[in-house]
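# Summary of the model geometry
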Amino acid sequence: MSALFTPLTIRGIELRNRLWVSPMCQYSAVDGIPNDWHHVHLAQFAAGGAGLVIAEASAVSPEGRISPDDAGIWNDAQADAWAPIVAAIRARGSVAGVQLGHAGRKASTTSPLTGGRGTVAPADGGWTPVAPSAVAYDAFAEPVALDAAGIEKVVSDFADAARRAVAAGFEVLEVHAAHGYLLHQFLSPLTNHRDDEYGGSFENRVRLTVRVTEAVRAAAPDAAVFVRFSATDAAEGGWDVADTVAAARLVADAGADLIDVSSGGLVPQQHIVPGPGYQVEYAAAVRRETGLLVSAVGMIDDPSFGEQILADGRADAIMSGREWLRDPHYALRAAAALGADSPAPAQYLRAY
């Protein structure tokens, strides 16, 4: 039997295969509300055979958006708009997930769809970003360091977003602690210069991510909770794989079911050479050292390669992004290539 097409059950939720859609920002929402674009974009992957479809990073607060055009889940109108999208994913045989995010110092920036790059000023519809410390990313605006009340708000915002996500029908909730966004900024000594209980030592820097995971778990006791980490900052003096392994154990104790392993995104001076499977060994290290469920991501575009990663025990599932954009029926093609039973909808079976 194909490893990629072996079902996986997490917290009672059965995923029909292990070829999953990574969250991919669309920068197409208005006031954080998803629309027809998101509906078609995400439902097509379910029709294309994905075991899990994770909706893009959805901000847990207005100030947590990467850009003014980001999707959100900080109010009930947004949750109501997500509900039919979730239903469409489920009706096509996939499990629906959502990534809960807060951009921190990388917030209030220009949508890449505009062709620009930089901070959107408050006068132009932007806002003042927040972060663990008042340290800007590259040439972006300097953020305001969160005080104790601000940190408590972050925790409660994630919990409230989790409750809304469950009400909308999402069964998988991913805490975004990667790619240089707020929780990652707290994790890394390169961006966290605090001298309170949230800065300094590893235990202090990981505290907010653990608290957020606990809050999401408490708010969504029946959901599968994932945490995405950047396994390394790929920069001198930054967060590394050993830190990720240690943090993975802590968030698992806090209620996480799976660790989604990526890398980079924190600082512009990172040294990363992308290539097929370039992040797989980070996932393999977390899985080997912790025994936790792990997903691998990063240019895993060949079904045979994904199959081998799982067969070798380096990960439990494969997350792909751009390959799904190139071919929304990626899982149907993969099943045919691997000789697995096709997850094609009945309407498409004549082609398989």
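Coordinates for the structure precede this section.
Residues numbered from 1 in each chain as written. Predicted model: local features only at pLDDT ≥ 70, side-chain atom pairs only at ≥ 80, totals over all residues. Heavy atoms only, no water.

## Considering the packing of aromatic side chains
Here the structure, examined in full by the defined rule, presents seven aromatic pairs. Ring centres of Trp20 and Phe226 lie 5.9 Å apart, and the angle between their planes is 20°; on these two criteria the pair is classed as stacked. Remark: Phe226 occurs in strand E9 (residues 224-230) and Trp20 occurs in strand E3 (residues 19-21); sequence separation between them is 206 residues. The burial state of Trp20 is the same as that of Phe226; both residues are buried. Their ring planes at 70° and their centres at 5.8 Å tell us that Phe45 and Trp324 sit as a pair that is edge-to-face. Residue Phe45 is located in helix H1 (residues 36-47), and its partner Trp324 is located in helix H10 (residues 322-326); the two are separated by 279 residues in the primary sequence. Looking at Trp324, the relative accessible area reads 0%, which means it is buried. A network of ring pairs unites the aromatic residues Phe45, Trp324 and Tyr330 as a single cluster. If you follow Lys106 out to its NZ or CZ, it ends over the ring of Tyr137, 4.9 Å from the centre. In this structure, Lys106 packs its charged tip against the face of Tyr181, placed 4.9 Å from the ring centre. (Phe/Tyr/Trp six-rings, centres within 6.5 Å; stacked < 30°, edge-to-face > 60°. Helix = DSSP H or I, 4+ residues; strand = E, 2+ residues; numbered from the N terminus. Buried < 20%, exposed > 50% of the residue type's maximum accessible area, 1.4 Å probe, protein only. Lys NZ or Arg CZ within 6 Å of the ring centre and 35° of its normal.)

## Regarding the environment of Val166
With respect to the helices, strands and loops of the structure, Val166 is situated in helix H3 (residues 148-168). Val166 sits in the partly exposed class, given a relative accessible area of 37%. Distance from Val166 to Gly306, taken between C-alpha atoms, is 30 Å for residues 140 residues apart in sequence.

## Description of the nonpolar core
In this structure, Trp82, Leu100, Phe158, Phe170, Leu173, Leu208 and Val216 are the most contacted members of the largest nonpolar core, which totals 82 residues. Counting residues per element, this core draws most heavily on H3, at nine residues. Leave out the neighbours within four places in its chain, and Leu208 touches Ile151, Val154, Val155, Leu183, Phe186 and Tyr198. Formed by 15 residues, the second largest nonpolar core is a distinct cluster that contains Ile10, Leu15, Phe226 and Met319. (Core = buried A, V, L, I, M, F, W, Y, C linked by side-chain atoms within 4.5 Å. Contact = heavy atoms within 4.5 Å.)

## Some words on helix H9 (residues 303-311)
Among the residues making up H9, those that are buried are Pro303, Gly306, Glu307, Ile309 and Leu310. Along the axis of H9, the buried positions cluster into a sector of 160°, meaning they face one direction only. Along its buried surface, H9 packs onto helix H8 (280-290), strand E12 (317-320) and helix H11 (330-338). A distance of 2.8 Å separates the backbone nitrogen of Ser304 from a side-chain oxygen at the start of H9, and that oxygen is part of Asp302. Backbone geometry just downstream of H9 places Gly313 in the positive-phi region, at approximately 75°. (Arc of directions from axis to C-beta. Polar contact = N/O pair within 3.5 Å; in protein donor to acceptor, adjacent residues only side chain to side chain.)

## Looking at H3
Since the α-helix turns once every 3.6 residues, residues separated by three or four places project in the same direction. Spanning 21 residues, H3 covers 31 Å between terminal C-alpha atoms, matching the ideal 30 Å at 1.5 Å per step. For H3, every residue scored as buried is listed here: Gly150, Ile151, Val154, Val155, Asp157, Phe158, Ala159, Ala161, Ala162, Ala165 and Ala168. A distance of 3.3 Å separates the backbone nitrogen of Ala149 from a side-chain oxygen at the start of H3, and that oxygen is part of Asp147. Backbone geometry just after H3 places Gly169 at a positive phi near 105°. (Expected span 1.5 Å × (residues − 1).)

## Quick notes on the pairing of strand E4 (residues 52-59)
Regular strands place side chains that alternate from one sheet face to the opposite one. In terms of burial, E4 is a largely internal element, eight of the eight residues being buried. With seven bridges connecting them, E4 and strand E5 (residues 95-101) associate as parallel partners. Residue pairing in the sheet places Val53 in a bridge with Ala96 of E5. For the segment spanning E4, helix H2 (residues 76-91) and E5, crossover handedness is right-handed. (Pairing = 2+ DSSP bridges. Right-handed = clockwise from strand over helix to strand, strands pointing away.)

## Points about the pattern of salt bridges
Under the counting rule described, the total for this entry stands at 19 salt bridges. Note that Glu174 and Arg228 form a salt bridge whose closest N and O atoms lie 3.9 Å from each other. Linking Glu174 in strand E8 (residues 172-177) with Arg228 in strand E9, this pair joins segments that are 54 residues apart in sequence. Overall, Glu174 belongs to the buried group, its relative accessible area being 0%. For Arg314, the salt bridge goes to Glu281, with nearest N and O atoms at 2.8 Å. A residue pair is termed long-range when its members are at least 10 positions apart, and Arg314 in the loop between H9 and E12 and Glu281 in helix H8 qualify at 33 residues. One network of salt bridges, with partners in common, ties together Asp301, Glu323, Arg326, Asp327 and Arg333. (Salt bridge = Lys/Arg side-chain N within 4 Å of Asp/Glu carboxyl O.)

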